[in-house]
Amino acid sequence: ERQGIIASLDEETAANVIAELDRRLQTQVVEKLAPGRAVEILEEMDPDEAAHLLANLSPETSQELLYELSREDARDVSELLQFGEGTAGWMMNTDFVFVGEEATRQEAVNWIRSREIHLDQLDTVVLIDARALFSGLVSVGRLLLAADERPMRELRGEPLLSVQAETDEKEVFELFDKYNLRSLAVVDEDNRPIGIITVDDVVGRLRRKL
């Protein structure tokens, strides 16, 4: 019956449903899907969700599905699979919106509108400086209420926080709790943004640990 329900859903809905299942059920469902159907569902998932799912499948199935993903999706998922479970890199999503800190609010909005962006990626906008280094985060609430001519750097929130991919998840949890965060940037050793952790990612991780 479970397989029949998944088979009756379109790829996007099936991806959302599978992402909410516990790991045991995820594995059981995906292992029984035809490879083509499984790939279509994986491509509708956020990279972090797809990576977590593949990590729980048998090595043979995981490699087969990874090989069948589009080049871009396979690259994003492979990058996440290199990080160990229990790290910031394991929790982050590599799909995020970024703009230059010197852009005006209107320029940023126009650029975002020109891109193919999922609505669930629009909770926070990442700012970068002229060297493409992490410069801060701007919430969508601030973006909506600001005047068109305001520079994006004037809209960034405080404090200016980020973590590296190897940071232990416990430190991530503590930062979200201490500063009541909705999003946290993940940066590489050169302080370039490589991902975003949202409060949903934190809640999901904590739920799976219970």
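Use the structure listed above.
What counts as what
- Residues numbered from 1 in each chain as written.
- Predicted model: local features only at pLDDT ≥ 70, side-chain atom pairs only at ≥ 80, totals over all residues.
- Heavy atoms only, no water.
- Helix = DSSP H or I, 4+ residues; strand = E, 2+ residues; numbered from the N terminus.
- Rg over C-alpha atoms; globule rule 2.2 N^0.38 Å.
- Buried < 20%, exposed > 50% of the residue type's maximum accessible area, 1.4 Å probe, protein only.
- Contact = heavy atoms within 4.5 Å.
- Areas by Shrake-Rupley, 256 points an atom, 1.4 Å probe, with all protein chains shown as cover.
- Lys, Arg positive; Asp, Glu negative; His and termini not counted.
- Charge placed at Lys NZ, Arg CZ, Asp CG, Glu CD.
- Patch = residues over 30% accessible without salt bridge, like charges linked within 9 Å, V, L, I, M, F, W, Y side chains within 5 Å.
- Salt bridge = Lys/Arg side-chain N within 4 Å of Asp/Glu carboxyl O.
- Pairing = 2+ DSSP bridges.
- Axes fitted to C-alpha atoms, helices over the stretch in contact; angles between N-to-C directions.
- Core = buried A, V, L, I, M, F, W, Y, C linked by side-chain atoms within 4.5 Å.
- Arc of directions from axis to C-beta.

Right, let's talk about the overall build of the protein chain for a bit. When its secondary structure is counted, the protein chain shows twelve helices and six strands. Computed over C-alpha atoms, the radius of gyration of the protein chain comes to 18 Å, within 12% of the 17 Å expected from 2.2 N^0.38 for 210 residues, which places it in the range of a compact globule. On the principal axes, the C-alpha backbone points of the protein chain span a range of 55 × 35 × 25 Å. When burial is assessed residue by residue, the protein chain has 46% of its 210 residues classed as buried. Residue pairs in contact within the protein chain that sit at least 24 positions apart in sequence constitute 62% of those at least 6 positions apart. Accessible surface, the protein chain as shown: approximately 11,800 Å² in total, 48% of it carbon and sulfur. Of the side chains in the protein chain, 23 bear a positive and 44 a negative charge, and the two mean positions are spaced by 4 Å.

The next thing to look at is a negative patch on the surface. Side chains of Asp10, Glu12, Glu40, Glu43 and Glu44 sit close together on the surface and give a patch of like negative charge. Looking at where Asp10 falls in the secondary structure, it is placed in the loop between helix H1 (2-8) and helix H2 (11-20). Looking at Asp10, the relative accessible area reads 42%, which means it is partly exposed.

The mixed open sheet is built from three strands, whose spatial order is E4-E5-E6. The sheet is open, and its two edges are formed by strand E4 (162-164) and strand E6 (193-198), each paired on a single side. If you compare each strand with its neighbour and ignore which way they point, the axes differ by 35 degrees on average. Where strand E5 (residues 183-187) lies against E6, five bridges are found, and the strand directions are antiparallel.

A complete count under the given rule lists twelve salt bridges for this structure. Note that Arg75 is salt-bridged to Asp76, the shortest N-O span being 3.5 Å. For the salt bridge of Glu154 with Arg153, the shortest nitrogen-to-oxygen distance reads 3.9 Å. What you see here is one network of salt bridges that share partners, running through Arg23, Glu85, Glu169 and Arg205.

Across soluble globular proteins, nonpolar side chains have a tendency to be buried as a group. With 41 residues, the main nonpolar core has Val172 and Ile197 as its most contacted residues. Ignoring anything within four residues of it in the chain, the contact list for Ile197 reads Ala88, Met91, Met92, Val172, Phe176, Arg182, Ser183, Leu184, Val186 and Val202. Grouped together as the second largest cluster of nonpolar side chains are 13 residues, Val109, Ile112, Leu127 and Met152 included.

Within the sequence span of helix H9 (residues 105-113), burial applies to Arg105, Ala108, Val109 and Ile112. End-on view of H9: buried residues confined to an arc of 95 degrees, all on one side of the axis. In the core, the buried residues of H9 are packed alongside strand E1 (97-100), strand E2 (124-128) and helix H10 (140-145).

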